[in-house]
Amino acid sequence: MWLPVVVGVDGSEGSLRALDWAAAEASRSRLPLRVVHASLWEHYEGLRPTVDAGVPGEQLLAEHLVASARDRVRDLRPEVSVVADVQPEDPVAALVQESHEASLVVLGSRGRGRIAGMLLGSVGLALAGRSHCPVVVIPARQPGAPPQTGRIVVGISDDAGPSAAAVFALAQAASRHGELTAVRAWRRPAHALLTHPPLPGIPSSTHRRQAEEHLDEVLKALETLETRKKQQQAQEPQGTQGAQEPQGAPGQDGSGTVVIHRSVAQGPAHQVLIEAAENAELLVVGARRSSGWHGLQLGPVNHAVLHYSPCPVAIVPDTYQG
């Protein structure tokens, strides 16, 4: 059985946008949707039972919230199989646990915190830094112009081969019958300014060429990897999947070809990616995970795009093998 799309909700406007995005993703990828509300608000919001002495008021509110979310999905996306769950525990702990058995987790960038933006600071960032599967964060602000349908942007890291983020981004583009823009940022090292004579263009052209060559190598390896996957899928015997499971890999449309655009730009990686993400449906970046470290595992680029990207952001752990 394919792993579900999981979305965290809290009744805020931001979580409703996340819910709608997650429902569309579940429909597009032919995956089930799991709506989760997790909270320990009674410990710090001063909530008290107000309706039934045997049932805490916050529990009744939570059950109503997830029921409303489930009904919203059924109205908007009747083809999606949706279940809802209330978990009386810390939101981060609950959603990290959900990420073990999810294809991706979706979250709004702002929730019902007492300080605007605290959901991104406390829950969104913590989840993006600890999740075992990709996390998609939906920005609080609406884009100034409608996104270009099917346009996915991915940041290409220093890894020699295609990263988990690049593989995920290609699958996202395929599921939308869209296109992928692979972005490689480069900067002239600080020592180059000191050790090379100031001849116009020479150092910069060298670093740019290296960035272009690296991007070409990664994309060539990515295309080879996807070709092998499709060949393996074509060789699989018919009838090996359950009747209720989608035919084909989740997140891919099976049509074959995604148009890939290459973009090499000078500047800080976060700035280059944020600019490239204008009018995109999704910006995808990778996040490194260390088995010996259990704290927040996000780099400065992750932080910057989560706060300032003009479109939804997917943070993909480098350990992800979906």
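Only a predicted model underlies this, so the values are computations on that prediction, with no experimental measurement involved.

Thresholds applied
- Residues numbered from 1 in each chain as written.
- Predicted model: local features only at pLDDT ≥ 70, side-chain atom pairs only at ≥ 80, totals over all residues.
- Heavy atoms only, no water.
- Helix = DSSP H or I, 4+ residues; strand = E, 2+ residues; numbered from the N terminus.
- Contact = heavy atoms within 4.5 Å.
- Areas by Shrake-Rupley, 256 points an atom, 1.4 Å probe, with all protein chains shown as cover.
- Expected span 1.5 Å × (residues − 1).
- Buried < 20%, exposed > 50% of the residue type's maximum accessible area, 1.4 Å probe, protein only.
- Pairing = 2+ DSSP bridges.
- Axes fitted to C-alpha atoms, helices over the stretch in contact; angles between N-to-C directions.
- pLDDT = per-residue confidence, 0-100.
- Salt bridge = Lys/Arg side-chain N within 4 Å of Asp/Glu carboxyl O.
- Core = buried A, V, L, I, M, F, W, Y, C linked by side-chain atoms within 4.5 Å.
- Parallel < 35°, antiparallel > 145°, perpendicular 65-115°, else oblique.
- Left-handed = near helix turned anticlockwise from the far one by under 90°.

1. A look at the overall build of the protein
Link 1 in the chain: Helix and strand counts for the protein come out as nine helices and 10 strands.
Link 2 in the chain: A sequence separation of at least 24 residues applies to 81% of the contacts in the protein between residues at least 6 apart.
Link 3 in the chain: For the protein, the accessible area works out to roughly 16600 Å², and carbon and sulfur atoms hold 53% of it.

2. Focus on helix H5 (residues 164–175)
Link 1 in the chain: The end-to-end C-alpha distance of H5, which contains 12 residues, comes to 17 Å, matching closely the 16 Å that a straight helix rising 1.5 Å per residue would cover.
Link 2 in the chain: Burial of H5 is extensive: 12 of the 12 residues sit out of reach of the surface.
Link 3 in the chain: Burial in H5 covers these residues: Ala164, Ala165, Ala166, Val167, Phe168, Ala169, Leu170, Ala171, Gln172, Ala173, Ala174 and Ser175.
Link 4 in the chain: Looking one or two residues beyond H5, the residue adopting positive phi is His177, at roughly 55 degrees.

3. Examining the sheet that holds strand S3 (residues 82–87)
Link 1 in the chain: In space, the 10 strands of this open sheet follow the order S3-S2-S1-S4-S5-S10-S9-S6-S7-S8, with mixed pairing throughout. Of all strands in the sheet, those with a lone pairing partner are S3 and strand S8 (259–266), marking the two edges. Between one strand and the next, the sheet's axes are offset by a mean angle of 20 degrees, whatever the strand orientation.
Link 2 in the chain: One ladder, built from five bridges, connects strand S9 (residues 282–287) with strand S10 (residues 313–317); its direction is parallel.

4. Observations concerning the environment of Ser163
Link 1 in the chain: In this structure, Ser163 sits in the loop between strand S6 (151–155) and H5.
Link 2 in the chain: In this structure Ser163 comes out as buried when scored by relative accessible area, which is 16%.
Link 3 in the chain: With 123 residues separating them along the chain, Ser163 and Gly286 place their C-alpha atoms 7.5 Å apart.

5. Points about helix H8 (residues 269–276)
Link 1 in the chain: Turning to H8, its buried residues are Val272, Leu273, Ile274 and Ala276.
Link 2 in the chain: Elements in contact with the buried residues of H8: S6, strand S7 (179–186), S8, S9 and helix H9 (300–308).

6. Re the confidence of the model for the protein
Low-pLDDT portions of the prediction should not be read for the details of their coordinates.
Link 1 in the chain: Mean pLDDT over the protein stands at 82; residues scoring 70 or higher make up 77%.
Link 2 in the chain: Considering only residues more than four positions removed or in separate chains, one finds that residues 42–53, a stretch of pLDDT under 50, has 15 contacts.
Link 3 in the chain: Counted against residues more than four places away or in other chains, residues 111–119, with its pLDDT under 50, gives 18 contacts.

7. Quick word on the pattern of salt bridges
Link 1 in the chain: Tallied over the entire structure, the rule returns 11 salt bridges.
Link 2 in the chain: The partner of Arg176 in a salt bridge is Glu281, with the nearest N and O atoms 2.6 Å apart. Of the two residues, Arg176 sits in the loop between H5 and S7 while Glu281 sits in the loop between H8 and S9, which places them 105 residues apart along the sequence.
Link 3 in the chain: Assessed through its relative accessible area of 11%, Arg176 is described here as buried.
Link 4 in the chain: Between Arg208 and Glu212 there is a salt bridge, with the nearest N and O atoms lying 3.1 Å from each other. Of this pair, Arg208 and Glu212 both sit in helix H7 (residues 202–235), four residues apart, which is roughly one turn of that helix.
Link 5 in the chain: By relative accessible area, Glu212 is classed as partly exposed at 31%.
Link 6 in the chain: Ionic contacts of the salt-bridge type, sharing partners, join the residues Arg34, Asp85 and Glu98 into one network.

8. Some remarks on the nonpolar core
Link 1 in the chain: Ranked by size, the top nonpolar core spans 84 residues in total, and within it Val7, Leu33, Val106, Leu180, Leu283 and Val284 carry the most contacts.
Link 2 in the chain: Of the residues forming this core, the biggest block, nine residues, is contributed by H5.
Link 3 in the chain: For Leu33, the contacting residues outside a window of four places in its chain are Val5, Val7, Ala22, Ala23, Ala26, Val73, Val80, Ser81, Val82 and Val83.

9. Here's the deal with unusual backbone geometry
Link 1 in the chain: Phi angles above zero are rare outside glycine, and Arg30 is one such case at about 60 degrees.
Link 2 in the chain: Residue placement: Arg30 occurs in the loop between helix H1 (13–29) and strand S2 (33–38).
Link 3 in the chain: Of note in this structure, Asn279 is not a glycine but carries a positive phi near 70 degrees.
Link 4 in the chain: Tracing the chain through its elements places Asn279 in the loop between H8 and S9.
Link 5 in the chain: The exposure class assigned to Asn279 is partly exposed, which follows from its relative accessible area of 39%.

10. Description of the packing of H1 against helix H2 (residues 57–76)
Link 1 in the chain: At a minimum axis distance of 10 Å, the contact between H1 and H2 shows a crossing angle of 45 degrees. Taken as axis vectors, H1 and H2 run oblique relative to one another. Pair H1 / H2 crosses with right-handed handedness. Of the residues in H2, those touching H1 at Leu16, Leu19, Asp20 and Ala23 are Ala69, Arg72, Val73 and Leu76.

11. A few points about the environment of Val154
Link 1 in the chain: In this structure, Val154 sits in strand S6.
Link 2 in the chain: Overall, Val154 belongs to the buried group, its relative accessible area being 1%.
Link 3 in the chain: With 16 residues separating them in the primary sequence, Val154 and Leu170 have C-alpha atoms 8.7 Å apart.
Link 4 in the chain: If we ignore the near neighbours within four places in the chain, the residues touching Val154 are Ala165, Ala166, Ala169, Leu180, Thr181, Ala182, Val183, Leu273 and Val284.

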